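Per-entry structural report
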Amino acid sequence: MQNVNSTVVVLGTGGTIAGTSPPGADERNYRAAQLSVAALLEAVPGLPAGLVCEQVAQVDSKDMGHAVWLQLAQRVSVHLASSQVGGVVVTHGTDTLEETAFFLQRVLAPAKPVVFTAAMRPATAAEPDGPGNLRDAVALAADASAHGVLVVMGGVVFGPRDVRKAHPTRLDAFSSGSAGPLGQLRDGKVSWRREVPREVALGLDWLPANPSDWPRVDLVVSHAGVDGALVDALCGIGTRGIVAVGTGNGTLHEALEAALLRAQSKGVAVRRATRCRDGAMVPRSSDPFPDVGDLTPAKARIELMLELMRSTG
Ligand code: ASP
């Protein structure tokens, strides 16, 4: 069902979708985050009238930071509060899209749709994928059956908890593993494959206004030959939390585990994640650190950061 009276707001944050390369240059040597979100919309014929756009940031999303997250969440929240707005689209780089989408879902869990989209090819490519993805995102953001943070790429709709960039170069680079996509878009119409979960928002106002006051949470990977030096160094610079990215079901090299136990005894919050690409972890009573369930390490880092902020806030 289309909610044709509602405005869709398109917020630009940069990424390859806004990337360009000089004429004749190899399209892999492009620079991300060059074109404005207004220019991106101009390149998509047949979009509905009355779209509103705003440039929130202009970054290659490999360089994404907490300050942009906070600003984006605030702008999304302001727009969603308007009765004129039916949904919001966020254009983003593919590299950290899953982190920003997860963060926004945790703090806003919006009743209206907030649809992330991106591109694997720059805007100046011979066959760019950005315009089609942007058209799909606008259609999904205007669809009355959509809610919450969603991601649309190549006509596939993913959820913020499950989605991840799973391939470095392919056009269909995104996956939600064994959870599967939420739905599909064809000719601007969405068919849902499963119910989109409704979640409770943590809210925004309680977050420290200065992201440099957010607790430091780091990722450390278990691998053959690892020792505890990184963990000890992180404790030395005041980390508040560590997500230990273990092998298999979150198993950790004994040297790393010993260092993590030392860190935990000093008050550092430690969680276990997995290097495995798919599937949820299964808790075992013998594990010294809680596991992160089905969250990827990068999302588990966000979850732990939010948890630490809640417990001190
Ligand atoms: N490095 C780029 C970014 O994440 C890649 C992309 O957009 O696909 O912004």
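This text gives an overview of the structure that appears in the document. All values derive from a computational prediction rather than experimental measurement. (Residues numbered from 1 in each chain as written. Predicted model: local features only at pLDDT ≥ 70, side-chain atom pairs only at ≥ 80, totals over all residues. Heavy atoms only, no water.)

1. Some remarks on the site of the ligand
Taken together, Gly15, Thr16, Tyr30, Asp60, Ser61, Lys62, Gly93, Thr94, Asp95 and Ala119 make up the full set of residues adjacent to the ligand. One of the backbone nitrogen or oxygen atoms of threonine 16 is found 2.7 Å away from an oxygen atom of the ligand. In the model, a nitrogen atom of the ligand is placed 2.6 Å from a nitrogen or oxygen of the aspartate 60 side chain. Within the complex, 93% of the 260 Å² of free accessible area of the ligand lies under protein. (Near = heavy atom within 4 Å. Polar contact = N/O pair within 3.5 Å; in protein donor to acceptor, adjacent residues only side chain to side chain. Areas by Shrake-Rupley, 256 points an atom, 1.4 Å probe, with all protein chains shown as cover.)

2. Thoughts on helix H5 (residues 229-236)
Considered for burial, the residues of H5 that qualify are Val231, Leu234 and Cys235. Axial view of H5: buried residues confined to an arc of 100°, hence all on one face. Facing away from the buried surface of H5 by more than 90 degrees, the exposed residues are Leu230 and Gly236. Immediately downstream of H5, the backbone of glycine 238 shows phi near 85°, a positive value. (Buried < 20%, exposed > 50% of the residue type's maximum accessible area, 1.4 Å probe, protein only. Helix = DSSP H or I, 4+ residues; strand = E, 2+ residues; numbered from the N terminus. Arc of directions from axis to C-beta.)

3. Brief notes about the packing of aromatic side chains
The full count for this structure, using the stated rule, is 2 aromatic pairs. When the centroid spacing of 5.0 Å and the interplanar angle of 20° are considered together, the rings of tryptophan 69 and phenylalanine 103 count as stacked. Taken together, the positions of tryptophan 69 in helix H2 (residues 66-80) and phenylalanine 103 in helix H3 (residues 97-108) put the pair 34 residues apart, joining distant regions of the chain. Comparing tryptophan 69 with phenylalanine 103, the two get one shared label, buried. (Phe/Tyr/Trp six-rings, centres within 6.5 Å; stacked < 30°, edge-to-face > 60°.)

4. Side note on the pairing of strand S5 (residues 148-153)
Each regular strand displays side chains that alternate between the two surfaces of the sheet. In terms of burial, S5 is largely enclosed, as 6 of its 6 residues are buried. Bridge analysis of strand S4 (residues 113-117) against S5 gives 4 bridges, and the strand direction is parallel. Bridging across to S5, phenylalanine 116 finds its partner in valine 151. The handedness of the S4 to S5 crossover, carried by helix H4 (residues 130-141), is left-handed. In this structure, S5 lies alongside strand S6 (residues 156-158), joined through 3 bridges in antiparallel fashion. Its bridge partner lying in S6, valine 151 is registered against phenylalanine 158. Where S5 folds back onto S6 in an antiparallel hairpin, the turn is made up of 2 residues, including glycine 154, whose phi is positive at roughly 55°. (Pairing = 2+ DSSP bridges. Right-handed = clockwise from strand over helix to strand, strands pointing away.)

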